[in-house]
Amino acid sequence: MRSLTPRRRLRSLLEATVRLAWVATTVFTLLVVQAIPAEACVGPPPEPFCTKTLQLAIAGPPVILLPGGGSFDVPALVYISLMDFPPGFGICPAGPYAVDIQIDATCSGGGNGAGQLLGAAVVSGYNELTVPLMVPAGGARRCLLSATATLTLTDGMVLTETADNVACLAEPAPGMADQPRLDLRRVGPAGGEISRTHPGDPSVVVYEITNNDPSESFSGMITVDSLNESRQPSFAGPMPPGTAVVSISDPVQGDNFPISLLLGESLAPEGPPVAASCIALPADPMDPTVPLESLALALDPSETAFFIVSSRHWGMCADGSCGRSTVSLEGLFGDASPGFACSGFVTAVDTSVPATHDCPDSGEVAEILPPMDPVKLTASASPHPGIEIEVETTLSQAALFVNKVPTDPPLHFSDLWSPHGGRIQPQFVGTFNVDSFFDISFQIDLSPGDNNPPASVETVDFDFSGAPTGYSSTAPFVVPKVKVQWTQKDGLHQAFFSPTLQFNAVAIDNLGNRRRLTFTDISFALLPGGTGFSGGLSGGSAEPGAGNTFQAVELAIDLSGFLSPEPLDSLQFTDGFESGNVSRWSSSSP
């Protein structure tokens, strides 16, 4: 990895006052008339009561030599999240939890295999497991590994999630019964085929390819792809009241991590070759296109070569967001016989791993802590090593308007908090006799606090992208772009804080059914002078239900943030955004 020169240390303190008020709305502009690039890794926010998710990714093993059949291990990454809201109320089914994993190998030329892991003990968060897979005797073959994880909960609900990767069974090299003719295996960095990094940081995998044929050369093509595995899980069985199944990333097709591929130098005595790992993040995370990189390779008899695959996820990705890559080599030996090899790896987002700041637009996920005061919280993050910025946020009471008529009493911000993988969910709860129409408007103000040296704060733009596929009207979100500037002895410095706010409303009808509310009109606007931004949401429908009135309305706000540096001499793009955090600002449309 490329190392960056540490910056001078600075501790900045910012104070942000956030006032949310639900007031009568006027005319809203519907902002979903055109396709707008979406923010990365923003699934629907966890719903009050109990939200559940199960994520699965599997890695492909190195080339396997099993002419007589046998078993090999497949690494699996399982992420589980069952979140009570309010926290500690025990609404979600208690553990211990156990997961079953089934893997089927569909192989070219037959000789299919299968394996399973039953009743594996798992905990909330990440779990790294190994699944043994049996294959019959046979020749060289390329196998597609299709995996299914099943989590059965004590409330009777069953979650299932799928994943895939590849494995290759090779023939022995001439005169070398213990070596595959064409070998492919991971040699660095230290660790296995599953790696976890801080959001926004890159991950590098180094592979070694060896042509073990003593007399025939080999020429072929390396291909690597990258697919997001953090989709919305399937579920069966009873749906207990207040339960929702959510995804960590785009539930259908987006958020595929970008990759790069290049050949490396010969293996040095002190370790494998190292490549510059920083990848420019695509402007549109919602693009369903699966990234694919390829590279031509030629090997003389008994020659070894190295290649490096870099993968990177977006800074706003939450814990549980993971992607898999398949690595394939196909070509011909000098005697015109076919040769192939394959493997695969998994990279995942883990906010508990310290940020490395390896890329110019790397940064740090804000740590958002529950408040000492019920209406105040603090977010802390670093744009680059040695600089820490804290944001104090104050939320005021709110008022609900139904059919343009204010409710009485006003709706107060609750003191119920739920931290979750770099995010936090504050909640508004009130009990009213309301129908299916309601209005919400809010205003968020940011101002500098006690900074040393003094800093200025300006909200310069925002990105409103609707929501991932299937949630554009039920879980809209907005991402302000907040410029932070301060002066040191060597001049003016700046960074950008990008908080994400996503909204999710549920109504409880007169029969006690929980029914998701739909927002019909959505708008956001900057406040004069860059002091913050305002927004409005109108609701006009709810999920079908037998009840004819609503007796309670709950609004949950999913809040997260990412802080990254940006040089003052950055380029200006045609859409007015500055360069730097290209995943969010280089080609998006306000």
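Residues numbered from 1 in each chain as written. Predicted model: local features only at pLDDT ≥ 70, side-chain atom pairs only at ≥ 80, totals over all residues. Heavy atoms only, no water.

Caption draft 1: A look at the overall build of the protein. Scanning the protein for helices and strands turns up 1 helix and 38 strands. Within the protein, the fraction of its 590 residues that count as buried is 57%. If you sum the accessible surface of the protein, you get close to 22,300 Å²; carbon and sulfur atoms cover 55% of it. (Helix = DSSP H or I, 4+ residues; strand = E, 2+ residues; numbered from the N terminus. Buried < 20%, exposed > 50% of the residue type's maximum accessible area, 1.4 Å probe, protein only. Areas by Shrake-Rupley, 256 points an atom, 1.4 Å probe, with all protein chains shown as cover.)

Caption draft 2: Just the state of the cysteines, in detail. With the rule as written, the count across this model stands at 3 disulfides. A disulfide bridge connects Cys 50 with Cys 92, and the sulfur atoms are separated by 2.0 Å. Across the disulfide from Cys 50 to Cys 92, rotation about the S-S bond amounts to roughly 115°, and the bridge is consequently right-handed. Pair noted here: Cys 50 is in strand β2 (residues 49-58) and Cys 92 is in the loop between β3 (70-85) and β4 (97-107), with a separation of 42 residues, a long-range link. With respect to class, Cys 50 is no different from Cys 92; both count as buried. Note on cysteine connectivity: Cys 107 is disulfide-linked to Cys 143, with sulfurs 2.0 Å apart. Residues Cys 107 and Cys 143 share a disulfide whose torsion about the S-S bond is about 105°; that sign makes it right-handed. With Cys 107 in strand β4 and Cys 143 in strand β7 (residues 141-152), this residue pair connects regions lying 36 residues apart in the sequence. One exposure class covers both Cys 107 and Cys 143, and it is buried. (Disulfide = S-S within 2.5 Å.)

Caption draft 3: Molecular detail of the pattern of salt bridges. All chains considered together, the criterion is met by 10 salt bridges. Among the salt bridges present, the one from Lys 52 reaches Asp 155, with a minimum N-O distance of 2.6 Å. One end of the pair, Lys 52, is in strand β2; the other, Asp 155, is in the loop between β7 and β8 (158-169), with 103 residues separating them in the sequence. Asp 155 gets classed as partly exposed once you look at its relative accessible area, which sits at 24%. Salt-bridge contacts for Arg 196 lead to Asp 350; the nearest nitrogen and oxygen are separated by 3.2 Å. Note that Arg 196 is positioned in strand β12 (residues 194-197) and Asp 350 in the loop between β22 (338-349) and β23 (364-365), a separation of 154 residues in sequence. Under the relative-accessibility criterion, Arg 196 is labelled partly exposed at 31%. Note on Asp 350: relative accessible area 7%, which makes it buried. What you see here is one network of salt bridges that share partners, running through Glu 171, Arg 181, Asp 213 and Asp 335. (Salt bridge = Lys/Arg side-chain N within 4 Å of Asp/Glu carboxyl O.)

Caption draft 4: The arrangement of the pairing of β7 in detail. Along β7, the buried face is formed by Arg 141, Cys 143, Leu 145, Ala 147, Ala 149 and Leu 151; none of Arg 142, Leu 144, Ser 146, Thr 148, Thr 150 and Thr 152, which line the opposite face, is buried. Examined bridge by bridge, β4 and β7 share 9 bridges and lie antiparallel to one another. Paired with Val 99 across the strands is Leu 151, a residue of β7. One ladder, built from 12 bridges, connects β7 with β8; its direction is antiparallel. (Pairing = 2+ DSSP bridges.)

Caption draft 5: Structural detail: the packing of aromatic side chains. One pass over the structure, following the stated rule, counts 4 aromatic pairs. A cation sits over an aromatic face here: Arg 181 above Phe 333, 3.6 Å from the ring centre. (Phe/Tyr/Trp six-rings, centres within 6.5 Å; stacked < 30°, edge-to-face > 60°. Lys NZ or Arg CZ within 6 Å of the ring centre and 35° of its normal.)

Caption draft 6: A look at the confidence of the model for the protein. The predicted model of the protein averages 76 in pLDDT, with 71% of residues at 70 or higher. Taken together, the stretch residues 266-276 has pLDDT below 50 and engages in 16 contacts with residues farther than four places along the chain or on a different chain. With pLDDT under 50 throughout, residues 568-590 is counted as low confidence; its partners more than four residues away or in other chains account for 69 contacts. (pLDDT = per-residue confidence, 0-100. Contact = heavy atoms within 4.5 Å.)

Caption draft 7: Geometry of the nonpolar core. Counting residues in each nonpolar core, the largest one holds 37 residues, and the members touching the most others are Leu 56, Ile 58, Phe 72, Ile 101, Ile 103, Leu 133 and Leu 145. Elements with a contribution of two residues or more to this core: β2, β3, β4, β5 (113-122), β6 (125-135), β7 and β8. For Leu 56, the contacting residues outside a window of four places in its chain are Ala 76, Leu 77, Val 78, Ala 147, Thr 148, Ala 149, Glu 161, Thr 162, Ala 163 and Glu 229. (Core = buried A, V, L, I, M, F, W, Y, C linked by side-chain atoms within 4.5 Å.)

Caption draft 8: Representation of the sheet that holds strand β11 (residues 182-188) within the structure. Pairing is antiparallel across the open sheet formed by 4 strands, whose spatial order is β11-β13-β20-β18. With partners counted over all chains shown, the strands left at the sheet margins are β11 and β18 (259-263), one partner each. For this sheet the average axis-to-axis angle between neighbouring strands, irrespective of direction, equals 25°. For strand β13 (residues 202-211) and strand β20 (residues 304-312), the ladder comprises 9 bridges, and the chain directions are antiparallel. Directly across from Val 206, in β20, lies its bridge partner Ile 308. (Axes fitted to C-alpha atoms, helices over the stretch in contact; angles between N-to-C directions.)

Caption draft 9: Layout of unusual backbone geometry. Of note, the bond from Gly 95 into Pro 96 is cis; its omega dihedral lies within 30 degrees of zero at 5°. In this fold, Pro 96 is placed in the loop between β3 and β4. Cis rather than trans, the peptide bond between Gly 188 and Pro 189 has omega equal to -10°. Structurally, the position occupied by Pro 189 is in the loop between β11 and β12. The phi dihedral of Asp 255 is positive, around 65°, even though this residue is not glycine.

Caption draft 10: Representation of the pairing of β4 in the model. Every second residue of β4 is oriented toward a common face, the buried set being Tyr 97, Val 99, Ile 101, Ile 103, Ala 105 and Cys 107 and the non-buried set Ala 98, Asp 100, Gln 102, Asp 104 and Thr 106. Inspection of the sheet shows β4 paired to β5 by 8 bridges, in the antiparallel sense. From the neighbouring strand, Asp 104 faces β5, where its bridge partner is Ala 114. The hairpin turn running from β4 into β5, its antiparallel successor, is 5 residues long, and Gly 109 in that turn takes a positive phi close to 80°.

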